[in-house]
Amino acid sequence: MSARRRWTVLIAAAILVALVGAGVRSTYVLGMLVFIGLYAMAALGLSLVMGFAGQVSLGQAAFFAIGAYVSGVLTASHGWNGWAALLAAVVAGAVAALLIGLPIFRLSGLLLAMASLGFGIIVYYVLVNWSGVTGGPSGLTGIPPLAVGRFRFDTDGRVVWLVWGLLLLLLGLGGNLVDSRIGRALRAVHGSETAAEAVGIDTARLKLAVFTLAGASTALAGSLYAHYLTFINPSPFGFTFSVELVVMVVLGGASSLWGGVLGAAAVVLLVEALRSLLPLLSLSRGAAEYEIVLFGLLLMAFMIFLPGGLAELRRRPA
Amino acid sequence: MTGWAELAQYTASGLVVGGVYALIGLGFVIVYSVTRIINFAQGEFVMLGALLMVSFEQAGLPVAAAVLLTVASVAALGGLLERVAIHPIASAPALAVLILTIGASIAMRGTALIVWGTDPSALPAFSPGPPLHVLGATVVRQGLWVLGVATAVFALLWFFFTRTYAGTAVRACALNARAARLMGIRVDRMFLLAFALSGALGAVAGAVIAPITYATYDMGLMLGLKGFVAATLGGLVSPPGAIVGGFLLGLLESYAAGLVSSGYKDAVAFIVLIVVLLVQMAGWLPGRVAEEA
């Protein structure tokens, strides 16, 4: 997509978001949109890591948690301004990714994936056990919503504006990045690391930079999540969430920035559809159980039949 | 106050858990060394082993028959997983196959949740009786079963790998699949065999640990990951390495829980994992981990 066409699409999408945020009354639909936006933001960073640097992070939930907890602790326990806390959360996500990435990005492939998984689980245990700061298993409450002057982002419609506005901005910037010299270098690394190095690309540094960016964007999503819900606890940030983010990227297609958005929407809508359909079938167990099985089977089916994800469908002749 | 009695106690519990980690770690090593795949569903084999044991026991089968049936079923499932899911994309990038096995593990966990529900199921110990006292430590009888069965399995595996034709063929594949193929070994059969073996090993681990920890649908993830850490500690391609790694990890966890803080007990394995991967990467420890992937 050319830069001009990309920004036209984004502005059109922004107008649509503005209208939806103001026009839709159903908090159910708006809440779903908020979550799609938040997950898409987290998946965006991961899709850069997976699609362009060719690596898998199985600990991405940790950055989401770091964003949420930095924001939560600074505002609820230390009275910081929400935006300052959000900025601190993003910086914390980037710094954490850099510090973790420095040693573990010397690994690659499977071992990097397993090391990132280890990191994600360690962060989870820190959140649960460091109760003096994080509130332990019961978490933190009283996180204020973000506000500009007297305008508070405290209704679902307004949060849709905030989250989707930032997401579209990130998509635009990400698109610029992918089209730039750096983006070409990234695609070269994905194509063949050896070839990329042979033409003078510092592959290790590039991958680390992408991982840091992903840490920052995932932490931003985490921070927005905390200010939206106003309470947080460790349980949503476990290994399962890391896997869900990978599922979103795989479903959407890792080699396209919009793939993350597509995947996030697909996952959220799928879960909602299951929750509303399954009770009608009067099965013995609840929807959550079938949801898990379906996710697993979908992940397998996509890896076998459609490794390029949903974004691939457009490019394939049907 | 940390007396000898407590140290002995931590050592005893560490060894029992370590035996289980070693069994699970061996499953990872066999699959990885033959196929270069990290089978994320390894832990779910353990979970299925434990839950199937409970069901067979409740159906009134004697322990030995229940164990055999459990091991055979999960081994068959391991083979099925390889045929249905792994085989079609065996040439795909390693990370794609890893994600596929994550999908398989989620599907297995979800199916277990539907079949067995969320409540932990208890399994009676293989032989009833009060705990034993060994060198100042109290050991439940099932703990001895764990160590005994693990030792027997190690011996069987050693015999299989060094004294039988099939075992030698598996080792040949692990060393160099192309050369093995040129020697007339059916490499894709070895893939199948490796997955079936790892299923059997997982099932044994699940069956012997169930009377100590209860059996639940979600026990597989943590046990599987710790088995992976054990395998990594031993270099990921060495069966004796995985056994040593398993016991080492069990002891480390047990000492950390007893002497430092029990809240972080489960985090120990993952700190060990990251440290070991980086140290092996730097070439300070034996093991081929760093060359792979």
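In this text, all values refer to a predicted model and were calculated from it rather than measured experimentally.

Caption draft 1: A look at the overall build of chain B. In terms of regular secondary structure, chain B is built from 11 helices and 2 strands. Listing each helix as α and each strand as β along chain B from the N terminus yields α-α-α-α-β-β-α-α-α-α-α-α-α. For 293 residues, the compact-globule estimate of 2.2 N^0.38 gives 19 Å, and chain B sits close to it at 19 Å. Principal-axis analysis of the C-alpha atoms places the extent of chain B at approximately 60 × 50 × 35 Å. Counting all 293 residues of chain B, 54% fall into the buried class. Contacts in chain B between residues far apart in sequence, at least 24 positions, make up 74% of those at least 6 positions apart.

Caption draft 2: Seen up close, the overall build of chain A. When helices and strands are counted, chain A shows 14 helices and 2 strands. For chain A, the C-alpha radius of gyration of 19 Å lies close to 20 Å, the compact-globule estimate for 318 residues. The principal-axis extent of the C-alpha atoms belonging to chain A is close to 55 × 45 × 45 Å. Taken across its 318 residues, chain A has 51% of its residues classed as buried. A separation threshold of at least 6 residues defines the contact pool for chain A, and within that pool the share at least 24 residues apart is 77%.

Caption draft 3: A look at the interface of chain B and chain A. The interface is formed by 36 residues belonging to chain B together with 34 residues belonging to chain A. When residues of the side of chain B that touches chain A are assigned to their parent elements, the largest contribution, 16 residues, is made by helix 4 (residues 94–116) of chain B. Looking at side-chain class alone, the side of chain B that touches chain A contains 30 nonpolar, 4 polar and 2 charged residues.

Caption draft 4: Representation of helix 3 (residues 61–77) of chain A within the structure. Residues and elements named next belong to chain A. Between its first and last C-alpha atoms helix 3 spans 23 Å; for 17 residues at 1.5 Å apiece the expected length is 24 Å, and the two agree. In terms of burial, helix 3 is a largely internal element, 16 of the 17 residues being buried. Looking one or two residues past helix 3, Gly79 carries a phi angle of roughly 70 degrees, positive in sign.

Caption draft 5: Up close: the packing of helix 2 (residues 27–52) of chain A against helix 7 (residues 156–179) of chain A. Residues and elements named next belong to chain A. Two elements in contact, helix 2 and helix 7, have axes separated by 9 Å at closest approach and are oriented at 25 degrees. On the basis of their axis angle, the class for helix 2 and helix 7 is roughly parallel. The two elements helix 2 and helix 7 cross, and the hand of that crossing is left-handed. Where helix 2 abuts helix 7, its residues Thr27, Leu30, Gly31, Leu33, Val34, Gly37, Leu38, Ala40, Met41 and Leu44 lie against Asp156, Gly157, Val159, Val160, Val163, Trp164, Leu167, Leu170 and Gly174. Its residues placed into classes, the contact of helix 2 with helix 7 shows 13 nonpolar, 5 polar and 1 charged.

Caption draft 6: Structural detail: the environment of A:Pro145. Residues and elements named next belong to chain A. Among the secondary structure elements, Pro145 is positioned in the loop between helix 6 (131–134) and strand 1 (147–148). The class of Pro145 is partly exposed, set by 18 C-beta atoms lying within 10 Å. In this structure, the C-alpha to C-alpha distance between Pro145 and Thr230, residues 85 residues apart in sequence, is 6.6 Å. Excluding residues within four positions of it along the chain, Pro145 makes contact with Arg152, Phe153, Asp154, His227 and Thr230.

Caption draft 7: Local environment of the confidence of the model for chain B. Residue and element names in this part refer to chain B. Averaged over every residue, the pLDDT of chain B is 88; residues scoring 70 or more account for 95%. Taken element by element, the predicted model of chain B shows its lowest mean pLDDT in strand 1 (residues 132–134) (83) and its highest in helix 2 (residues 42–58) (96). Interface predicted TM-score (ipTM) for the complex: 0.84; the corresponding pTM is 0.87.

Thresholds applied
Residues numbered from 1 in each chain as written. Chains lettered and ligands numbered in written order. Predicted model: local features only at pLDDT ≥ 70, side-chain atom pairs only at ≥ 80, totals over all residues. Helix = DSSP H or I, 4+ residues; strand = E, 2+ residues; numbered from the N terminus. Rg over C-alpha atoms; globule rule 2.2 N^0.38 Å. Buried ≥ 20, exposed ≤ 12 C-beta atoms within 10 Å, placed from the backbone. Contact = placed C-beta atoms within 7 Å. Nonpolar A, V, L, I, M, F, W, Y, C, P; charged D, E, K, R; others polar. Expected span 1.5 Å × (residues − 1). Axes fitted to C-alpha atoms, helices over the stretch in contact; angles between N-to-C directions. Parallel < 35°, antiparallel > 145°, perpendicular 65-115°, else oblique. Left-handed = near helix turned anticlockwise from the far one by under 90°. pLDDT = per-residue confidence, 0-100.

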